[in-house]
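Here are the chains, one letter per residue:
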Amino acid sequence: MVKIHNFGAGPAKLPEEVYDIIKNELTNFGGTGISLLETSHRSQTYLKLNTEVQDVVRRLLNVPCNYKILFLAGGGQGQFAAVPLNLISRTGTADYVVTGTWSDKAAKEAKKYGKVNLVLPATDRHTGIPDVSTWKLDPNASYVHICTNETIHGVEFDFIPDTKGVPLVADMSSNFMSKKIDVSKFGVIYGGAQKNIGTAGVALVIVREDLLNQALPTCPSILDWTLTAKNDSILNTPPMFAIYIMGRVLQWIEREGGLDKMSEMATKKSSLVYKVIEESNGFYYAPVVKDARSKMNIPFRIGSPEGNDVLEKEFLKGAEARGLIQLKGHRMVGGIRASTYNAVTVAEVETLVSYMKDFHRQHSK
């Protein structure tokens, strides 16, 4: 069987070393003789794991002591509702910077709970991040929400915007733990685990303590950050196995050299792909402007800026024959998308790049 190279955008590839750990611990977790899947969430075994995972998050991101680390069910999209439910009560309004599909979905969800100010003009085409000088921020907003990496459109922030004292909330679902960030510049950071730090089923939330105790009366207990923090993320039975896998992935990141190493590898891998695109004389086309191109999700078209359907289908067919899978672009934008998350190796990206060059030679006019 041909070796599989998984470039899926999420659920995404996990480190092979982590799979080996999961296999060894699956039916005998922590020497208990049983699986974590059948262990009580109130047991000392799980309580220890719960603390270990919080601790590795705090170490990797150098999380200040005045921030709580929470694990919640519902993934990143669950937090689209949790954010306004927990934060919008102060003024009843919030700013949303829409740079792609996911920040757009977050804004639409927030409209159910208060007034939403769209900082940028509405558009169907997301190819970059407009200069901050053009943003129409509301100084009365309860918070400003951004998505630091748009998985579908491949648009990534390479800076932290100055929100003039208004708490900054960031959906980091698809670039969490890919580089160091200054957590103190954010009020809240959140993300689903299944793209870069684990598997589906859990969202990681990092919230500054002064932003707790503000939830709307209608906020469901299961989405209430204050209740979750008071109960150490064990308000009810948490998604224990997803939290465990996230913990093992984060421990792997730490062993590999931490976020400095992840950032170095992210730059190297994405540069390999973008270089082929740039040197293809238009055969490959990347729609995102250079200063906003994602290092995690690389969308591109083949044959023209709009894409050549025949060529793109042939590219995907040939890729799968070589074990290069999940390269089809999201249905909303089409084309090709290569996701080069932490677990994707340089060697795998080099295999993709080699195929891209061969395909170009075979089909260029």
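What counts and what doesn't
Residue positions are given per chain, counted from 1 along the sequence in the order it is written. It should be noted that, the model being predicted, local features are given only for residues of pLDDT at least 70 and side-chain atom pairs only at 80 or more, the latter also being counted only at that level, while totals for whole chains, interfaces and linings use all residues. Computation of side-chain values: all heavy atoms of the structure, hydrogens and water removed. Helix numbering and strand numbering both begin at the N terminus, where a helix is a DSSP run of H or I of at least 4 residues and a strand a DSSP run of E of at least 2. Each radius of gyration is computed over the set of C-alpha atoms, and the globule rule expresses the reference value as 2.2 Å times the number of residues to the power 0.38. The charged-residue count follows a simple rule in which Lys and Arg add positive charge and Asp and Glu add negative charge, with His and chain termini not counted at all. To locate a charge, the coordinates of NZ of Lys, CZ of Arg, CG of Asp or CD of Glu are taken. Summary of the burial criterion: residues with accessible area below 20% of their type's maximum are buried, those above 50% are exposed, and those between are partly exposed, where the area comes from a 1.4 Å probe applied to protein chains only. We call two strands paired when DSSP finds no fewer than two bridges between them. Any pair of Phe, Tyr and Trp rings, taking the six-membered ring for Trp, is counted once the centres come within 6.5 Å. Such a pair is stacked with planes under 30 degrees apart, edge-to-face with planes over 60 apart, and tilted for the rest. In the analysis that follows, any N or O atom pair within 3.5 Å is treated as a polar contact, provided that within protein one partner can donate a hydrogen and the other can accept it, and provided that, for residues neighboring in sequence, both atoms belong to side chains. Residues are treated as being in contact if the distance between any of their heavy atoms lies within 4.5 Å. A fitted line through C-alpha atoms serves as each axis, taken over the contacting stretch for helices, and the angle formed by two N-to-C directions is quoted from 0 to 180°. Without a salt bridge and with relative accessible area above 30%, a residue can belong to a patch; like charges are then joined within 9 Å and nonpolar side chains (Val, Leu, Ile, Met, Phe, Trp, Tyr) within 5 Å. Using the Shrake-Rupley algorithm and a 1.4 Å probe, accessible areas are obtained, with residue cover drawn only from the displayed protein chains. Salt bridge criterion: a side-chain nitrogen from Lys or Arg within 4 Å of a carboxyl oxygen from Asp or Glu. Given the number of residues in a helix, its expected span is that number minus one, multiplied by 1.5 Å. Throughout, the bend at a residue refers to the angle made by two axes, fitted to the seven residues ending there and to the seven starting there.

Caption draft 1: The overall build of the chain, seen in detail. When helices and strands are tallied, the chain shows 9 helices and 14 strands. What you see for the chain is a C-alpha radius of gyration of 21 Å, in line with the 21 Å of a compact globule of 365 residues. Each of the three principal axes of the chain carries a C-alpha extent, and together these read 65 × 55 × 30 Å. Computed over 42 positive and 38 negative side-chain charges, the separation of the two mean positions in the chain equals 2 Å.

Caption draft 2: Focus on the pairing of strand β12 (residues 297-302). With 6 of 6 residues buried, β12 is to be regarded as a mostly interior element. Taking every second residue as pointing to the same face, both faces of β12 are buried, with N297, P299 and R301 on one and I298, F300 and I302 on the other. Across 2 bridges, strand β11 (residues 284-285) lies against β12 in antiparallel orientation. Residue pairing for β12: Y285 is matched across the bridge by R301. Note: β12 against strand β14 (residues 336-339), 4 bridges, orientation antiparallel. Bridging across to β14, N297 finds its partner in S339.

Caption draft 3: Fine view of the packing of aromatic side chains. Inspection of every chain in the model, using the stated rule, returns 15 aromatic pairs. Judged by centre distance (6.4 Å) and plane angle (50°), the rings of F80 and W102 are tilted. Residue F80 is located in helix α3 (residues 75-87), and its partner W102 is located in helix α4 (residues 101-110); the two are separated by 22 residues in the primary sequence. Note on F80: relative accessible area 3%, which makes it buried. Ring centres of Y284 and F315 lie 6.3 Å apart, and the angle between their planes is 75°; this geometry places the pair in the edge-to-face category. In this pair, Y284 is assigned in strand β11 and F315 in helix α8 (residues 309-321), connecting sequence segments 31 residues apart. Taken individually, Y284 and F315 each receive the classification buried, so the pair is uniform in this respect. Through a chain of ring-to-ring contacts, three or more aromatic side chains come together here, namely F283, Y284, F300, F315, Y355 and F359.

Caption draft 4: Looking closely at the side chain of S43. Along the chain, the position of S43 falls in the loop between α1 (16-25) and α2 (44-61). Take S43: its relative accessible area is 19%, and that puts it in the buried class. A polar contact of 2.7 Å, which involves the side chain of S43, links it to the backbone oxygen of S40.

Caption draft 5: Main features of the sheet that holds β14. The strand order across the open sheet formed by 3 strands is β11-β12-β14, and the pairing between neighbours is antiparallel. Edge strands, defined here as strands with exactly one partner in the open sheet, are β11 and β14. Strands in contact with α8 are β11, β12 and β14; relative to β12, the strand with the most contacts, it is inclined by about 130°.

Caption draft 6: Representation of a nonpolar patch on the surface in the model. On the surface, M1, V2 and I4 cluster together into a nonpolar patch covering about 360 Å² of accessible area. Its place among the elements puts V2 in the segment before β1 (5-6).

Caption draft 7: Inspection of the sheet that holds strand β10 (residues 203-208) at higher detail. The strand order across the open sheet built from 7 strands is β2-β10-β9-β8-β5-β3-β4, with neighbouring strands paired in mixed fashion. The sheet is open, and its two edges are formed by β2 (67-72) and β4 (115-118), each paired on a single side. Between one strand axis and the next, the sheet turns through 20° on average, direction left out of account. Here strand β8 (residues 168-171) runs beside strand β9 (residues 188-192); their pairing, made up of 3 bridges, is parallel. Looking at β9, one finds that D171 is bridged to Y190. The strands touched by α4 within the sheet are β3 (93-96), β4, β5 (144-147) and β8, with β3 carrying the most contacts at an inclination of about 170°.

Caption draft 8: Geometry of α3. Taking 1.5 Å as the rise per residue, α3 with 13 residues should run 18 Å; its terminal C-alpha atoms sit 18 Å apart, in good agreement. The principal kink in α3, of about 30°, is found at A81, preceding the proline P84 by one to four residues. Among the 13 residues that make up α3, 12 are buried, leaving the element largely enclosed by the rest of the structure. Residues of α3 that are buried: G75, G76, G78, Q79, F80, A81, A82, V83, P84, L85, N86 and L87.

Caption draft 9: Focus on the pattern of salt bridges. Tallied over the entire structure, the rule returns 22 salt bridges. Of the charged contacts in the structure, one is a salt bridge between E16 and K3, with a shortest N-O distance of 3.5 Å. Of this pair, E16 sits in helix α1 while K3 sits in the segment before β1, placing them 13 residues apart in sequence. Looking at E16, the relative accessible area reads 47%, which means it is partly exposed. Across the salt bridge formed by E278 and R293, the nearest N and O atoms sit 2.9 Å from each other. In this pair, E278 sits in helix α7 (residues 258-278) while R293 sits in the loop between β11 and β12, placing the two residues 15 residues apart along the sequence. R293 sits in the buried class, given a relative accessible area of 16%. Salt bridges here are not isolated pairs; linked through shared partners, they connect K3, K13, E16 and E348.

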